[in-house]
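Summary of the model geometry
Residues per chain are reported as follows:
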Amino acid sequence: MSKNKIVIANWKMKLTLAESKKLAQDVKEKFTNFSEDEVVICPNFLSICEVNNIIQGSTIGLGAQDVFWEELGAYSGEVSASMLKEAGCKYVIIGHSERRKFLMENYEMIHKELKAVLAVENMVPIVCIGENWDERKTDRRDYVLFEQLQQALTGIEVKDNQEIIVAYEPIWAIGSGTAIEPAEADYAHKIIRLTLNDMFGEDVVENNFKIIYGGSINKDNVVGFNGLDNIDGLLVGGASLNPDEFLHVANKILKK
Ligand code: PGA
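What you see as residue numbers is a count from 1 along each chain, following the sequence as written. Local features in a predicted model are, by the rule used here, given only for residues with pLDDT of at least 70; side-chain atom pairs are given and counted only at 80 or more, and totals for whole chains, interfaces and linings are based on all residues. Excluded from the side-chain calculation are hydrogens and water; included are all heavy atoms of the structure.

With that settled, consider the sheet that holds strand β1 (residues 6-10). When DSSP finds at least two bridges between two strands, those strands are taken to pair. Helix and strand assignments come from DSSP, with helices taken as H or I runs of at least 4 residues and strands as E runs of at least 2, each series counted from the N terminus. Taken in spatial order, the 8 strands line up as β1-β2-β3-β4-β5-β6-β7-β8 and close into a barrel, and their pairing is parallel. Put simply, the sheet's adjacent strands are angled 25° from each other on average, direction ignored. Across 4 bridges, the pairing between strand β4 (residues 91-94) and strand β5 (residues 124-129) is parallel. Bridging from a neighbouring strand, V92 pairs with P125 of β5. The contact rule is simple, with two residues in contact once any of their heavy atoms fall within 4.5 Å. Axes here refer to lines fitted to C-alpha atoms; in helices the fit is confined to the stretch in contact. Angles between the N-to-C directions go from 0 to 180 degrees. In this fold helix α10 (residues 243-254) packs onto β1, β2 (39-42) and β8 (233-236), with an angle of close to 155° to the strand it touches most, β1.

Quick look at the side chain of R193 now. Its location among the elements puts R193 in helix α8 (residues 182-200). A distance of 3.2 Å separates the side chain of R193 from the backbone oxygen of N230, its partner in a polar contact. Under this definition, polar contacts are N or O atom pairs within 3.5 Å; protein pairs additionally need one hydrogen-donor-capable and one acceptor-capable atom, and for neighbouring residues in sequence, both atoms have to be side-chain atoms.

Quick look at the site of the ligand now. We define proximity as follows: a residue is near a molecule or strand when any one of its heavy atoms falls within 4 Å of that partner. Taken together, N10, K12, H96, E169, I174, G175, G215, S216, L235, V236, G237 and G238 are the residues near the ligand. Separating an oxygen atom of the ligand from a backbone N or O atom of G175 is a distance of 2.7 Å. Contact distances for the ligand include 2.9 Å between an oxygen atom and a backbone N or O atom of G237. Here the accessible surface of atoms and residues is derived via Shrake-Rupley with a 1.4 Å probe, and residues count as covered only by protein chains that are part of the display. In the complex, 96% of the free accessible area of the ligand, which totals 280 Å², lies under the protein chains. When grouped by side-chain class, the residues that make up the shell around the ligand number 3 nonpolar, 7 polar and 2 charged. Throughout, the ten residues Ala, Val, Leu, Ile, Met, Phe, Trp, Tyr, Cys and Pro are labelled nonpolar, Asp, Glu, Lys and Arg are labelled charged, and all others, Gly among them, are labelled polar.

Right, let's talk about α8 for a bit. To estimate the expected span of a helix, subtract one from its residue number and multiply by 1.5 Å. With 19 residues, α8 ought to run about 27 Å at 1.5 Å a step, and its terminal C-alpha atoms sit 26 Å apart, in line with that. G201, located one to two residues past α8, shows a positive phi value of around 90°.

Before going further, it helps to spend a moment on the packing of aromatic side chains. Any Phe, Tyr or Trp ring, taking Trp's six-membered ring, that has another such ring centre within 6.5 Å forms a pair; planes under 30 degrees apart are called stacked, those over 60 apart edge-to-face, and the others tilted. Under the definition given, this model contains 8 aromatic pairs. Considering the side-chain rings of W133 and W172, the 5.3 Å spacing of their centres and the 70° angle between planes classify their relative orientation as edge-to-face. A residue pair is termed long-range when its members are at least 10 positions apart, and W133 in helix α6 (residues 133-137) and W172 in the loop between β6 (164-168) and α8 qualify at 39 residues. Summary of the burial criterion: residues with accessible area below 20% of their type's maximum are buried, those above 50% are exposed, and those between are partly exposed, where the area comes from a 1.4 Å probe applied to protein chains only. Since its relative accessible area comes to 42%, W133 is described here as partly exposed.

Here we take up the pairing of β2. Along β2, one buried face is formed by V39 and I41 and the opposite face, lined by V40 and C42, is buried too. Direction of pairing for β1 relative to β2: parallel, over a ladder of 4 bridges. Pairing of V7 across the sheet is with V39, part of β2. In this fold, the crossover linking β2 to strand β3 (residues 61-64) by way of helix α2 (residues 48-55) has right-handed handedness. A right-handed crossover is one whose linking path, passing over the helix from the first strand to the second, runs clockwise when the strands point away from the viewer.

The following block contains the structure:
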């Protein structure tokens, strides 16, 4: 069964405030033909409020690239889910592999962040999972995906109106310029879906989860990711920084 797809831009730490504002303006002007929250942009923390002002009156959704698990308190440098909501965000990327690599985030932290986001009404976590090259080469991918899902999601209760997005991002494909073969992504998504079915039941997975792919998607390879049964959308890094290329990617996935 097909569900509404979503295309999410992860701007990472690649733009200044001025550049983020410019890109938000460009996206607002070019993306006039999409439904509410079909396209989501995730600027850095510093740019969120300004970008939120710019995209008012458009259908573009707003997300953050990280969140802390506590609500309020003495946690220097951190930002909570309700603060992000106040600044206009509905979506939050959690556990991106770059944070796991450079900030030592682990799946216990990711689990707490996920709970914190779900505790705020109407907020949607985007949980990143994915194997590294060594794990893939030695045929451990399926187990790694299973384990990461268990660690991030065990004990989570999904309410009727809640949504969780799982982003399958093979670490070796991110920023490499080469996406994985669409058929391989589709297979990995199937493993993720079956694992989630086991944990939450098929109905909940069908109604409350999306499974999206991320890793070197661009205007040339996106066509292969269109129309695959198990892929509910994309998380786009580098190619989302060029508004025309990002529009091409979004059109390919979201327009029939
Ligand atoms: P990329 O990044 O498209 O530049 O590979 C994707 C991501 O890390 O979310």
